[in-house]
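Structural features, examined
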Amino acid sequence: GENVGLHLPTLSVQEGDNSIINCAYSNSASDYFIWYKQESGKGPQFIIDIRSNMDKRQGQRVTVLLNKTVKHLSLQIAATQPGDSAVYFCAENRSRNAGGTSYGKLTFGQGTILTVHP
Amino acid sequence: EPEVTQTPSHQVTQMGQEVILRCVPISNHLYFYWYRQILGQKVEFLVSFYNNEISEKSEIFDDQFSVERPDGSNFTLKIRSTKLEDSAMYFCASSELSFNGELFFGEGSRLTVL
């Protein structure tokens, strides 16, 4: 069955440190991965995504790494700020046809609580 | 910046009552979704909707659930006879084209069934 999960439920860091949040998935058919940030009382907010034909993708202060060999995904946040404090979810999606079209059925992991101390 | 809006933000209902949660997706988006999140748990897919029909649904989305796009702007989730275990945060989301990346989520509607 599908299983997308996280190694660590909580992560506390000091402001300015780099943060690494990990995620494991079990379905080798997964071909698209997304990281979402969820602040208290709000909906998930897209951070960064990566397709299975890549192993690294960088955004602004964030980097996602994908290791398909061990089915592992990580989110790195550089120079973490108090505003980064939130729950971070990885999510997985599988294309439904050869054209790569999917219908947004994301499978979310449990979430990691990131707390950034000033 | 365009956003997905949801109403109500919080609804309290008695078990067995019907509930309708409303969403206004981003105007040029074509794909619409409902997800739910039971308190302290992960976000779960309920249903996707495109071209006025359900594209995919999860096992959670049983006969008690239905979705509708009654006009050009609203997207609704109806629960016919609520159960205690339906208590959750319900998130609406939309995406522009066939899913190629970003789902935009609303801030959610909290449903409490007593």
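The following refers to the structure shown. (Residues numbered from 1 in each chain as written. Chains lettered and ligands numbered in written order. Predicted model: local features only at pLDDT ≥ 70, side-chain atom pairs only at ≥ 80, totals over all residues. Heavy atoms only, no water.)

Some points on the sheet that holds strand β8 (residues 75-79) of chain B
Pairing between sheet strands relies on hydrogen bonds along the backbone, with the strands arranged either parallel or antiparallel. Residues and elements named next belong to chain B. Formally: Pairs of strands are assigned from DSSP output, requiring at least two bridges between the strands. Each helix is a run of DSSP H or I of at least 4 residues and each strand a run of E of at least 2, with the numbering of both proceeding from the N terminus. Here the axes come from fitting lines to C-alpha atoms, over the contacting stretch only for helices, and the angles between their N-to-C directions go from 0 to 180 degrees.
Pairing within the open sheet is antiparallel, and its 4 strands lie in the order β1-β3-β8-β7. Looking at the sheet topology across the chains shown, the edges are occupied by β1 (5-7) and β7 (65-68). The sheet shows a mean angle of 20 degrees between the axes of neighbouring strands, direction not considered. Of the pairings in the sheet, the one linking β7 to β8 comprises 4 bridges and is antiparallel in character. Note that in β8 the partner of Ser66 across the bridge is Lys78.

Observations concerning the pairing of β8 of chain B
A regular strand places its side chains on the two faces of the sheet in alternate fashion. Residue and element names in this part refer to chain B. To keep it simple, the criterion reads: When accessible area is computed with a 1.4 Å probe and restricted to protein chains, residues below 20% of their type maximum are described as buried, those above 50% as exposed, and intermediate ones as partly exposed.
For β8, the buried fraction is high: 4 of the 5 residues fall into the buried class. Alignment of strand β3 (residues 19-24) against β8, held across 5 bridges, turns out to be antiparallel. Across the sheet, residue Arg22 finds its bridge partner in β8, namely Thr76. If you look at the hairpin formed by β7 and β8, you'll find 6 residues sitting between the two strands.

Structural notes on the environment of His72 of chain A
Residues and elements named next belong to chain A. Put simply, the test is: Polar contacts, as counted here, are pairs of nitrogen or oxygen atoms within 3.5 Å of one another; within protein the pair requires one atom able to donate a hydrogen and one able to accept it, and residues that are adjacent in sequence qualify only if both atoms are side-chain atoms.
Within the secondary structure, His72 sits in strand β8 (residues 72-77). Put simply, His72 and Tyr25 are 47 residues apart on the chain and 6.3 Å apart in space, counted from C-alpha to C-alpha. Reaching out from His72, the side chain makes a polar contact with the side chain of Asn22 at a distance of 3.3 Å.

A short note on the nonpolar core
Worth spelling out the cut-off: Among buried residues, those of type Ala, Val, Leu, Ile, Met, Phe, Trp, Tyr and Cys that are joined through side-chain atoms within 4.5 Å constitute a nonpolar core. Should any heavy atoms of two residues lie within 4.5 Å, those residues are considered in contact.
Counting 22 residues, the largest nonpolar core has Trp34, Leu46, Phe61, Val67, Phe75, Leu77 and Tyr90 of chain B as its most contacted members. Every element with two or more residues in this core is listed here: β3, β4 (31-37), β5 (43-50), β7, β8, β9 (88-95) and β11 (109-113) of chain B. Not counting chain neighbours up to four residues away, the residues in contact with Leu46 of chain B comprise Trp34, Tyr35, Arg36, Glu56, Lys57, Ser58, Ile60, Phe61, Leu77 and Tyr90 of chain B. Counting 20 residues, the second-largest nonpolar core is a separate cluster that includes Cys23, Tyr25, Leu66 and Leu73 of chain A.

Quick word on unusual backbone geometry
Look at the link from Thr7 of chain B to Pro8 of chain B: it is a cis peptide, with omega at -10 degrees. Relative to the helices and strands, Pro8 of chain B is located in the loop between β1 and β2 (10-13). Backbone geometry places Lys71 of chain A, a non-glycine residue, at a positive phi of 55 degrees. Mapping Lys71 of chain A onto the fold places it in the loop between β7 (62-67) and β8. In this structure, Asn51 of chain B takes a positive phi of about 55 degrees despite not being glycine.

Points about the pattern of salt bridges
To keep it simple, the criterion reads: Any Lys or Arg side-chain nitrogen located within 4 Å of an Asp or Glu carboxyl oxygen qualifies as a salt bridge.
Applying the stated criterion to the full structure yields 4 salt bridges over all chains. Two residues, Arg57 of chain A and Asp49 of chain A, come together in a salt bridge whose shortest N-O distance is 2.2 Å. The partly exposed category is assigned to Arg57 of chain A, whose relative accessible area is 35%. As a salt-bridge pair, Glu56 of chain B and Lys105 of chain A come within 3.7 Å of each other at their nearest N and O atoms. Placement of the pair is Glu56 of chain B in strand β6 (residues 53-57) and Lys105 of chain A in the loop between β9 (86-93) and β10 (107-108), with the two residues belonging to separate chains.

A closer look at the side chain of Asp86 of chain B
Residue and element names in this part refer to chain B. Selection criterion: By the counting rule applied here, Lys and Arg register as positive and Asp and Glu as negative, while His and the ends of each chain are not counted.
By secondary structure assignment, the location of Asp86 is in the loop between β8 and β9. Buried within the structure, Asp86 lacks any salt-bridge partner; its nearest side chain of opposite charge belongs to Lys83, at an N-O separation of 4.2 Å. Contact partners of Asp86, with chain neighbours within four places excluded, come to Arg36, Phe65, Ile79, Ser81, Leu111 and Val113.

Re the interface of chain B and chain A
The condition is simple: Put simply, buried area is the surface a 1.4 Å probe can reach on two separate parts but cannot reach once they are joined, added for both. Lys, Arg, Asp and Glu make up the charged group, whereas Ala, Val, Leu, Ile, Met, Phe, Trp, Tyr, Cys and Pro make up the nonpolar group; the residues left over, Gly among them, are polar.
Contact with chain B, which involves 21 residues of that partner, is made by 22 residues of chain A. Interface of chain B and chain A: buried area, both sides summed, is about 1,900 Å²; carbon and sulfur atoms make up 56% of it. Where chain B meets chain A, there are 1 salt bridge. Our count for the chain B to chain A interface comes out at 2 residue pairs in polar contact (both at pLDDT 80 or more). Counting only elements with at least two residues in the side of chain B that touches chain A, the list comes to β4, β5 and β6 of chain B. With 4 residues, β4 of chain B is the single largest residue contributor to the side of chain B that touches chain A. Each residue belonging to the side of chain B that touches chain A can be placed in one class, and the counts come to 9 nonpolar, 8 polar and 4 charged.

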